[in-house]
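Here is what each chain is made of, one letter per residue.
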Amino acid sequence: MLLGRYTFSAVFLDPAVLPSFKGSTFRGAFGGAFKKVVCAVREKECGRCLLANRCLYAQTFETTTPASQGLRQAAPPHPYVIEPPRTSQTHFAAGDSFDFDLLLFGSSNDSLPYFVYAFDAMGETGLGKRLAGQRGRFRLTAVHHNGRGIFDPEQHRLEPVKLSDFTLTTPGPAAVEEVTIVLHTALRLKFANHLQAELPFHLLVRAMLRRVSSLFATFGDGEPPLDYRGLVARAAAVEVARSNLRWVDWERYSSRQDQTMLMGGMLGTVTYRGPLGEYLPLIEAVRELHLGKQTAFGLGRIEHSWSAES
């Protein structure tokens, strides 16, 4: 599966007030800008549009995919993830700079110019609360891929990028006995049709398998050849050694549904102990791909560390 990670740099032209977690704000503003850039009909509901099967907006925001051959998918994955600025700062002055990342999966990388154009248009509209009638406008100053600048904002020229296939790594050492997971942004997981406030290892494994299998099946060459049932079954031998997880709630406004929605998820750290080596490829994959629900908003961003028997 092709995976592109693009870092956008920008500078505010006006004062701006943003929430501490900016994923919903960025995703909402981006969705409106993207539709203005690519939608030819301006139909409010994509399902009513005759062009939906060929429209880049519908393909990006109204993703559909056939049922997976392995794990059943709760929802089809979106072809992108927005990683908002990683600062909790809420007030910005004109001239303040910020960065954010965009992840694109599979053939959506071919449409990178549309994404850049949409973020550029989003800057003209602005972000955050209205101050004196104006949201905080910004200007893109650069886009980088693998540390190389690929966008000239003065000439509006985008350089081509060369992507390599994203694959699962080989299993880690068999002696790996402890892994710590850090949840940097809220992790929303459902099990037995209920949102979970704790993270036993089997639940993490199920979520990792679901994320990896659905992305590879939809945007790659098919699900990776994994022992899905065996991995879930063997997860029972892994225990939670330490947990410092907490539940956090936050609100987002859905312009499409015209209502405020209460969202929530787990934050913090959890350490597992047991035979963990065979799970490292999955953990390293979701470190890049995110995990759980609402990943397009930047939720489910994790990091990990591990130790082996001496």
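Residues numbered from 1 in each chain as written. Predicted model: local features only at pLDDT ≥ 70, side-chain atom pairs only at ≥ 80, totals over all residues. Heavy atoms only, no water.

A. Local environment of the sheet that holds strand β5 (residues 97–105). The antiparallel open sheet is built from five strands, whose spatial order is β3-β5-β1-β8-β9. Two strands in the sheet have a free side with no partner beyond their single neighbour: β3 (80–83) and β9 (148–149). As judged from the four bridges shared by β3 and β5, these two strands associate in the antiparallel manner. Note that in β5 the partner of Tyr 80 across the bridge is Leu 104. Its contacts with the sheet place helix α3 (residues 112–125) against β1 (3–12), β3, β5 and β8 (138–145), and it is angled at close to 155° to β8. (Pairing = 2+ DSSP bridges. Helix = DSSP H or I, 4+ residues; strand = E, 2+ residues; numbered from the N terminus. Contact = heavy atoms within 4.5 Å. Axes fitted to C-alpha atoms, helices over the stretch in contact; angles between N-to-C directions.)

B. Here's a closer look at the layout of surface pockets. In this structure, the second largest pocket encloses a volume near 450 Å³. Every residue lining the second largest pocket is counted, 27 residues in all, and those nearest its centre are Ser 20, Phe 21, His 184, Thr 185 and Leu 267. Counting residues per element, the ones that place at least two in the lining of the second largest pocket are β12 (176–187), β16 (246–254) and β17 (259–273). When the residues that make up the lining of the second largest pocket are grouped by side-chain class, the tally is eleven nonpolar, nine polar and seven charged. (1 Å grid on protein atoms, 1.4 Å probe; cavity = no way out; pocket = protein on both sides within 12 Å on 5 of 7 lines; lining within 4 Å. Points joined across faces, edges and corners; volume = space filled by probe spheres on them. Nonpolar A, V, L, I, M, F, W, Y, C, P; charged D, E, K, R; others polar.)

C. Representation of unusual backbone geometry within the structure. Even without being a glycine, Ala 132 presents a positive backbone phi close to 55°. Mapping Ala 132 onto the fold places it in the loop between β6 (127–131) and β7 (134–136). On the accessibility criterion, Ala 132 (89% relative accessible area) is exposed. The backbone of Gln 294 shows a phi angle near 55°, a positive value even though the residue is not glycine. (Buried < 20%, exposed > 50% of the residue type's maximum accessible area, 1.4 Å probe, protein only.)

D. Geometry of the packing of aromatic side chains. Counted under the stated rule, the structure contains 24 aromatic pairs. Ring geometry for Phe 12 against Phe 98: centres 4.7 Å apart, planes inclined by 35°, an arrangement best described as tilted. With Phe 12 in strand β1 and Phe 98 in strand β5, the pair connects residues that are 86 residues apart, well separated along the chain. Considered together, Phe 12 and Phe 98 belong to a single accessibility category, that of buried residues. Considering the side-chain rings of Tyr 57 and Phe 61, the 4.7 Å spacing of their centres and the 25° angle between planes classify their relative orientation as stacked. You can see Tyr 57 and its partner Phe 61 sitting in helix α2 (residues 56–61), four residues apart, about one turn around the helix. Exposure remark for Tyr 57: the relative accessible area of 11% places this residue in the buried category. (Phe/Tyr/Trp six-rings, centres within 6.5 Å; stacked < 30°, edge-to-face > 60°.)

E. Inspection of the nonpolar core at higher detail. Counting 43 residues, the largest nonpolar core has Phe 105, Ile 181, Leu 199, Phe 201, Val 205, Tyr 272 and Leu 289 as the members making the most contacts within it. Secondary structure elements with two or more residues in this core: β5, β12, α4 (201–219), α5 (228–234), β17 and α6 (280–289). Ranked by residues supplied to this core, first place goes to α4 with eleven residues. Val 205 has contacts with Leu 231, Val 232, Ala 235 and Tyr 279, leaving out every residue within four places of it along the chain. Of all hydrophobic cores here, the second largest spans 37 residues; its members include Phe 12, Phe 30, Ala 58 and Val 116. (Core = buried A, V, L, I, M, F, W, Y, C linked by side-chain atoms within 4.5 Å.)

F. Broad picture of the pattern of salt bridges. In this structure the tally under the stated criterion is twelve salt bridges. Linking Arg 86 and Glu 83 is a salt bridge whose minimum nitrogen-to-oxygen distance equals 3.0 Å. Its relative accessible area of 56% is what places Arg 86 among the exposed residues. Close ionic contact of Glu 278 with Arg 234 constitutes a salt bridge, the shortest N to O distance being 2.9 Å. With Glu 278 in the loop between β17 and α6 and Arg 234 in helix α5, the pair connects residues that are 44 residues apart, well separated along the chain. The partly exposed category is assigned to Glu 278, whose relative accessible area is 32%. Overlapping salt bridges, with partners in common, bring together Arg 5, Glu 83, Arg 86, Asp 101, Arg 287 and Glu 288 in one network. (Salt bridge = Lys/Arg side-chain N within 4 Å of Asp/Glu carboxyl O.)

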